[in-house]
Amino acid sequence: MNSFEDIKIAVSYSYNSMTWITWLVLVFGVLKTIQAFNKAYSEHDSYAEMKESSDKSAITQFYYGVIIAFLCVIIFFLPYFINYNS
């Protein structure tokens, strides 16, 4: 099997295994990610500008958004990681 087929299987298996609570957690995570990036870029135009700023709340919001986005991906693929190969 090629990797594209593996990704396709993982996405379809995870999508079909989702429950309403998983969807709720994903929606909440996506909204928190969008909110964090909006706060990070509200006063700064670039990542370099955030790093140079004396106020570190923007860079903190940026990293928070990245972490939450990564967790959303993990949550989406969690059914595949747990059940598909076992």
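Calculation notes
- Residues numbered from 1 in each chain as written.
- Predicted model: local features only at pLDDT ≥ 70, side-chain atom pairs only at ≥ 80, totals over all residues.
- Heavy atoms only, no water.
- Axes fitted to C-alpha atoms, helices over the stretch in contact; angles between N-to-C directions.
- Helix = DSSP H or I, 4+ residues; strand = E, 2+ residues; numbered from the N terminus.
- Parallel < 35°, antiparallel > 145°, perpendicular 65-115°, else oblique.
- Contact = heavy atoms within 4.5 Å.
- Nonpolar A, V, L, I, M, F, W, Y, C, P; charged D, E, K, R; others polar.
- Polar contact = N/O pair within 3.5 Å; in protein donor to acceptor, adjacent residues only side chain to side chain.
- Phe/Tyr/Trp six-rings, centres within 6.5 Å; stacked < 30°, edge-to-face > 60°.
- Buried < 20%, exposed > 50% of the residue type's maximum accessible area, 1.4 Å probe, protein only.
- Core = buried A, V, L, I, M, F, W, Y, C linked by side-chain atoms within 4.5 Å.

Asks: Hey, could you go over the packing of helix α1 (residues 3–16) against helix α4 (residues 57–84) for me, with residue numbers and the actual values?
Replies: Relative to each other, α1 and α4 sit at 100 degrees, their axes nearing to 8 Å. Comparing the axis directions of α1 and α4 gives the class roughly perpendicular. The residues of α4 that touch α1, namely those facing I9, A10, V11, Y13, S14 and Y15, are F76, F77, P79, Y80, N83 and Y84. Residues that form the contact of α1 with α4 fall into these classes: ten nonpolar, two polar and no charged.

Asks: Kindly report on the side chain of T22, identifying the contributing residues and their values.
Replies: Inspection of the secondary structure assignment puts T22 in helix α2 (residues 20–41). Here the side chain of T22 touches T19 through a polar contact of 3.0 Å, side chain to side chain.

Asks: Can you tell me about the packing of aromatic side chains, naming the residues and giving the values?
Replies: Any aromatic ring pair is given by two values, namely how distant the centres are and how the planes are angled relative to each other. Under the definition given, this model contains ten aromatic pairs. Relative to F81, the ring of F77 lies with its centre 6.3 Å away and its plane at 45 degrees, an arrangement referred to as tilted. Remark: F81 and F77 occur in helix α4; sequence separation between them is four residues, near one turn of the helix. A relative accessible area of 19% places F77 in the buried class.

Asks: Can you explain the nonpolar core? Please cite residues and give values.
Replies: If you look at the biggest cluster of nonpolar residues, it comprises eight residues: A10, M18, L26, I68, C72, F76, F77 and Y80. With five residues, α4 is the largest single contributor of residues to this core. When residues no more than four places from it in sequence are discounted, the contact partners of L26 are M18, C72, I75 and F76. One finds A40, M50, I59 and F62 within the second-largest nonpolar core, a separate group that totals five residues.

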